[in-house]
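Understanding the architecture of this molecule
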Amino acid sequence: MGKKRDLKQIDAIAREFDMSPPVRKAFGKFIEKEKANGDIGTLNDRGDFTWEELQRKAEEFLKRF
């Protein structure tokens, strides 16, 4: 079974923003925490983020990281 679509998107965003593997892992945890705290995306009823939302989240994450 392949990777879920949302994980593939996180990987693609990490490549777009030149994140190293440890930073990519931290970004994934950051996204999980954001969703757990109620900051959810608008892609679907599960609160997944759109591509543009993930790009903004990556910028926000990298400023904090």
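My aim in this report is to walk through the structure given alongside it, one point at a time. Per-chain numbering applies: the sequence of each chain, read as written, is numbered from 1 onward. Residues qualify for local features only when their pLDDT is at least 70, as the model is predicted, and side-chain atom pairs are given and counted only at 80 or more; totals for whole chains, interfaces and linings, by contrast, use all residues. With hydrogens and water excluded, all non-hydrogen atoms of the structure serve as input to the side-chain values.

Some words on the overall build of the chain
Along its length, the chain carries three helices and zero strands. Helical segments are the DSSP runs of H or I of at least four residues, strand segments are the runs of E of at least two, and each set is numbered from the N terminus. In the chain, the succession of helices and strands from N to C terminus is α-α-α. Here the C-alpha atoms of the chain give a radius of gyration of 11 Å, agreeing with the 11 Å that 2.2 N^0.38 yields for 65 residues. The dimensions of the chain, computed from C-alpha atoms along their principal axes, are 30 × 30 × 20 Å. For the chain, the proportion of its 65 residues judged to be buried stands at 37%. Note on definitions: a residue-residue contact is assigned when non-hydrogen atoms from the two residues lie within 4.5 Å. Sequence-distant contacts in the chain: of pairs separated by 6 or more residues, those separated by 24 or more amount to 53%. A 1.4 Å probe and the Shrake-Rupley method give the accessible areas. Residues count as covered only by the protein chains that appear here. Here the chain has roughly 4600 Å² of accessible surface; of this, 53% comes from carbon and sulfur atoms. For the radius of gyration, the atom set is restricted to C-alpha positions; the globular benchmark scales as 2.2 Å times the number of residues to the power 0.38. Any residue under 20% of the maximum accessible area for its type is buried, any over 50% is exposed, and the rest in between are partly exposed; the area is computed with a 1.4 Å probe on protein chains only.

Quick word on the packing of aromatic side chains
Think of it this way: a Phe, Tyr or Trp ring, Trp meaning its six-membered ring, pairs with another when their centres are within 6.5 Å, and the plane angle makes it stacked under 30 degrees, edge-to-face over 60, tilted otherwise. Applying the stated criterion to the full structure yields four aromatic pairs. With a centroid separation of 6.4 Å and 20° between ring planes, the pair formed by Phe27 and Phe30 is classed as stacked. Here the residue Phe27 and the residue Phe30 both occupy positions in helix H2 (residues 21-36), the gap between them amounting to three residues, near one helical turn. Neither Phe27 nor Phe30 differs from the other in exposure class; each is buried. Every member of this aromatic cluster is reached through a ring pair, and the members are Phe27, Phe30, Phe61 and Phe65.

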